[in-house]
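Descriptive analysis of the structure
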Amino acid sequence: LAAGGLPDGNPVKFTEDHLKLAAAVAHQAALAVEETRYYQALIQAERLAAVGQTIAGLSHHIKNIMQGVRFGSDMVRGALAGNDAAQLAAGWRLVEKNQGRIDHLILDMLSYSKEREPAVEPTDLNKLCEDVLELVRGRAADRGVAVEWRPGANVGAVPCDPDGIHRAVLNLVTNALDAVEDRPQAKVSVQALLEPDGGWAKVIVMDNGPGVPADQADAIFKPFVSTKGSRGTGLGLPVSRKILREHGGDIVVQSVPEKGTKFTCRLPARAAGSDPSGTTQF
């Protein structure tokens, strides 16, 4: 067989080996195309499965919230008809509580779904934790939960996104309050500190609740996995870990069944480009 030619005009002859090589190349190309199509189909199936899981999880939590809203609305309606001030107040509190749950769910959804660069600024971790505790003290008092706060030294200018870290710590403290509900001598402790080498700052949230089973220690950071039943959205811990990892840190959990759980938020105590003495290099 001959096709084309060389510059000197002599024809190019293809041997049987050439044909075998061309067939082998074509076969490999066909396999590559087929594998690419299979991979694309697999990715599409995984995306659809993730969408289905997300919709199912959201539907479950929204349904639970709306049941509370409807029940509170029925109480308000009955109280208005019967001119019952006590029932009216109770019904309205229930409606407000579930409105808050909707707000938290929306904020968690936005935080988890959106990739964002932290707006880092020097932040007083003690002040941040005190603001969080101020938000939950009333709820803790209503449930008979003792709240212990231990401020730390040298955490007055930790480089972080204050809004993001505030949300992460609030999620952890709220989870801790839920964990100790109906427990004898319920207690939640919050502590801020700087590690001895000065490289990392910590916020530690501890409770004396039932603990997290060892086989669920990793699962609790997955979306829509909640140990709180209908009370949880299953997004609080994933959102908190995402926020810490956006800062270059993480959340570590340690738990002992029937003893309690300890969540440790670790974040870099020095801004990028700072020297070991803590002086920022511009």
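Up top is the structure these notes are about.
Report follows, based on the coordinates. Quick caveat: nothing in here was measured; it's all calculated off a predicted structure.

Thoughts on the environment of Ala146
Looking at where Ala146 falls in the secondary structure, it is placed in strand β4 (residues 146–150). Residue classification places Ala146 among the partly exposed residues on the basis of a relative accessible area of 42%. Contact partners of Ala146, with chain neighbours within four places excluded, come to Ala186, Lys187 and Val188.

Points about the pattern of salt bridges
On inspection of all chains with the given rule, the structure shows 13 salt bridges. Note that Arg241 is salt-bridged to Asp250, the shortest N-O span being 3.1 Å. Bridged by salt links that share partners, the residues Arg139, Arg143, Asp178 and Glu181 form one connected network.

Digging into the nonpolar core
By size, the foremost hydrophobic cluster in this structure holds 44 residues, and its most contacted members are Leu125, Ile165, Val173 and Val190. Among the elements of the structure, α1 (16–82), α3 (125–142), β5 (158–160), α4 (162–179), β6 (187–194), β7 (200–207), α5 (236–246) and β9 (260–268) are those that each provide at least two residues to this core. If you tally residues by element for this core, the top one is α4, at 8 residues. Dropping the residues within four chain positions of it, Val190 is found in contact with Cys129, Leu133, Glu148, Trp149, Arg150, Val173, Val203, Ile204 and Val205.

About the thresholds
Residues numbered from 1 in each chain as written. Predicted model: local features only at pLDDT ≥ 70, side-chain atom pairs only at ≥ 80, totals over all residues. Heavy atoms only, no water. Helix = DSSP H or I, 4+ residues; strand = E, 2+ residues; numbered from the N terminus. Buried < 20%, exposed > 50% of the residue type's maximum accessible area, 1.4 Å probe, protein only. Contact = heavy atoms within 4.5 Å. Salt bridge = Lys/Arg side-chain N within 4 Å of Asp/Glu carboxyl O. Core = buried A, V, L, I, M, F, W, Y, C linked by side-chain atoms within 4.5 Å.

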